[in-house]
Amino acid sequence: MTDAILVVNAGSSSIKIELFAADDALASLLAGQVEAIGLAPRLFLRDAAGTTVADQAWPQGEGPRDHRAALAAIGAAVARAAADRRIVAIGHRVVHGGAARAAPVVIDPAVRAELAALTPLAPLHQPHNLAGIDAMAELHPGVMQVACFDTAFHRGHPWVADTFALPRAFHARGIRRYGFHGLSYAYVAMRLRDVAPEIADGRVVVAHLGNGASMCALRGGRSIDSTMGFTALDGLPMGTRSGQIDPGVLLHLIAAEGYDAAALTRLLYHESGLKGLSGLSSDMRALEAAGTAEAAEAIAYFVYRIRRELGALAAVLGGLDALVFTAGIGENSPRIRAAVCDGMDWLGIALDAAANARGAMAISAPESRVRVLRLATDEERMIAIETLRLLRG
Ligand code: ADP
């Protein structure tokens, strides 16, 4: 038996899981997920060579009905596929760590209660993360569990980047700009030290462009501002989320059109963004392929807001040394990267079109003052790294 670390990322409609060897190299052993929980669930697991070791699909209404059942099912599949491994620690992605948590923490009953108390700050995500923790405590009693937060990396923001211009008491009671995607930014900041150490301590903007999308300003490898705020709704438009919106629009919808909290939640989280603007899809690949005027406008709005935020974050940093693209769209869409960088020579950005088109890691032209990079993010590996660190004390 050799030791392994299990990483659990329990999202709203899917659960991702990955098993790592518990040594310095943290080799990935198994990765998989349960998707479409509550609809027509499918569970699959692949080993390090990419071979499918479990694949099960259930018809509509059958199979694991909720997160608890889905976690039990995938936990059992991992145990079967890795019978020669002893799970010595379990790391969880937890969306909210509140104002106090600037680092991962070992979960004990007091921490579990603290995280549950933060549910009102992230009602769509925190309950699933807690379900993951409870299910793993049942499956692996006595094994150390660690919470790694999406908010923690941003806790060093200066006050002006952490507050809204509301009466002061609101900040004190937790109405703050927390920022999210912190595990992705922490991973990218760490990778920069390996692949481009000469800029890792400089002024860097990271664009995490996936289904969820945000940008982060790094100085000296630490976050000093981000486009996301109190929730993961603010900032850039996303697959189905609106991004930044004049709060007066919401007041109008409430006062004049009878919207309530549930209707606004549906509108802002599930019906807006790329999906709302295109009337077609939340998926960038589908929009790039569609060729309709609405799809083109949705892409144009996405790119426009990224460029605006790039200018704003460069101003916050007092200049720019590097721009990094990451996550599904950032890593895989040369078209979006090119559109973001187009005409940005005033900021010192010049893209190498050929390097960008073939998806190289370094995609800026030799004369570009700002380095432009394409780096793959890996939130699960970041959680494994932090969990191993706490395991070793
Ligand atoms: P999540 O936030 O769910 O982890 P991802 O980081 O996987 O999302 O990003 C998903 C997005 O990446 C989708 O919009 C998808 O269309 C987009 N994407 C993936 N591959 C490509 C590609 N080759 N070209 C354009 N967009 C892509």
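If you're wondering where the values come from, they're calculated on a predicted model, not measured in any experiment.

Rules of the game
Residues numbered from 1 in each chain as written. Predicted model: local features only at pLDDT ≥ 70, side-chain atom pairs only at ≥ 80, totals over all residues. Heavy atoms only, no water. Helix = DSSP H or I, 4+ residues; strand = E, 2+ residues; numbered from the N terminus. Rg over C-alpha atoms; globule rule 2.2 N^0.38 Å. Buried < 20%, exposed > 50% of the residue type's maximum accessible area, 1.4 Å probe, protein only. Contact = heavy atoms within 4.5 Å. Areas by Shrake-Rupley, 256 points an atom, 1.4 Å probe, with all protein chains shown as cover. Lys, Arg positive; Asp, Glu negative; His and termini not counted. Charge placed at Lys NZ, Arg CZ, Asp CG, Glu CD. Core = buried A, V, L, I, M, F, W, Y, C linked by side-chain atoms within 4.5 Å. Polar contact = N/O pair within 3.5 Å; in protein donor to acceptor, adjacent residues only side chain to side chain. Axes fitted to C-alpha atoms, helices over the stretch in contact; angles between N-to-C directions. Parallel < 35°, antiparallel > 145°, perpendicular 65-115°, else oblique. Left-handed = near helix turned anticlockwise from the far one by under 90°. Nonpolar A, V, L, I, M, F, W, Y, C, P; charged D, E, K, R; others polar. Pairing = 2+ DSSP bridges. Near = heavy atom within 4 Å. Salt bridge = Lys/Arg side-chain N within 4 Å of Asp/Glu carboxyl O.

### Some thoughts on the overall build of the protein
The helix and strand tally for the protein stands at 16 helices and 13 strands. Computed over C-alpha atoms, the radius of gyration of the protein comes to 21 Å, within 12% of the 21 Å expected from 2.2 N^0.38 for 393 residues, which places it in the range of a compact globule. Along the three orthogonal principal directions, the C-alpha set of the protein runs to about 55 × 55 × 45 Å. Out of the 393 residues belonging to the protein, those deemed buried represent 51%. Long-range contacts, defined here as pairs at least 24 residues apart, represent 62% of the contacts in the protein between residues at least 6 apart. On the protein, roughly 17,100 Å² of surface is accessible, and the fraction owed to carbon and sulfur atoms is 55%. Within the protein, the 40 negative side-chain charges are centred at a point lying 3 Å from the centre of the 37 positive side-chain charges.

### Considerations on the nonpolar core
Core analysis: the largest hydrophobic core is formed by 55 residues, its most contacted members being L209, L310 and I349. For this core, the element with the most residues is helix α12 (residues 293-317), which contributes ten residues. Not counting residues up to four positions away in its chain, the partners in contact with I349 are L310, L320, L323, C341, M344, S368, V370 and V372. Core analysis: the second largest hydrophobic core is formed by 27 residues, I15, I37, L43 and V78 among them.

### Focus on the side chain of T151
Mapped onto the elements of the fold, T151 is located in the loop between β8 (144-149) and α4 (159-162). The exposure class assigned to T151 is buried, which follows from its relative accessible area of 0%. Looking at T151, its side chain comes within polar contact range of the main-chain nitrogen of G97, at 3.0 Å. Leaving out residues up to four positions away in the same chain, T151 has contacts with V95, H96, G97, G98, Y178, G179 and F180.

### Quick notes on the packing of α12 against helix α14 (residues 334-341)
Between two packed helices, what matters for the description is the angle formed by their axes and the separation of those axes. Contact pair α12 / α14: the axes reach a minimum separation of 9 Å and the direction vectors enclose 50 degrees. With respect to α14, the axis of α12 lies oblique. By crossing handedness, the relation of α12 to α14 is classed as right-handed. Seen from α12, the contacting residues are I299, F302, V303, I306, R307 and L310; seen from α14, they are R335, I336, A339, V340 and C341. Each residue belonging to the contact of α12 with α14 can be placed in one class, and the counts come to nine nonpolar, no polar and two charged.

### Notes on the pairing of strand β9 (residues 203-209)
The two faces of the sheet receive side chains in turn, since in a regular strand these alternate between them. Of all seven residues making up β9, six are buried, and the element is well covered by its neighbours. Here β9 runs beside strand β10 (residues 213-219); their pairing, made up of seven bridges, is antiparallel. By the bridge assignment, H208 is partnered in β10 with S214. Here β9 folds back onto β10, and the loop between the two strands holds three residues. With five bridges joining them, β9 and strand β12 (residues 322-326) adopt parallel strand pairing.

### Remarks on the packing of helix α1 (residues 67-81) against helix α3 (residues 126-139)
Where α1 meets α3, the axes come as close as 9 Å, and the angle between the chain directions of the two elements is 45 degrees. As far as their axial angle goes, α3 and α1 are oblique. Two packed elements cross with a definite hand, and for α1 against α3 that hand is right-handed. For the pair α1 and α3, the contacting residues are H67, R68, L71, A72 and G75 in the first and H128, A131, G132, D134, A135, M136, E138 and L139 in the second. Tallied by class, residues from the contact of α1 with α3 come to six nonpolar, four polar and three charged.

### Notes on the site of the ligand
Looking at the ligand, the residues that line it are G210, N211, G212, D283, M284, R285, E288, A327, G328, I329, N332 and S333. Within the backbone of R285, one N or O atom sits 3.0 Å away from an oxygen atom of the ligand. In the complex, the protein chains occlude 70% of the 580 Å² of accessible area that the ligand would expose alone. With four residues, the top contributor of residues to the shell around the ligand is helix α13 (residues 327-332). Looking at the shell around the ligand residue by residue, the class counts come to three nonpolar, six polar and three charged.

### Remarks on the pattern of salt bridges
Using the criterion set out here, one finds 19 salt bridges in the structure. With a closest N to O distance of 2.9 Å, D150 and R93 form a salt bridge. A residue pair is termed long-range when its members are at least 10 positions apart, and D150 in the loop between β8 and α4 and R93 in strand β6 (residues 85-94) qualify at 57 residues. R93 carries the same exposure label as D150, and that label is buried. Here R155 ties to D162 by a salt bridge, and the two come within 3.3 Å at their closest N and O atoms. An identical accessibility class is assigned to R155 and D162; each is buried. Several salt bridges share partner residues, and in doing so they unite E35, R42 and D55 into one network.

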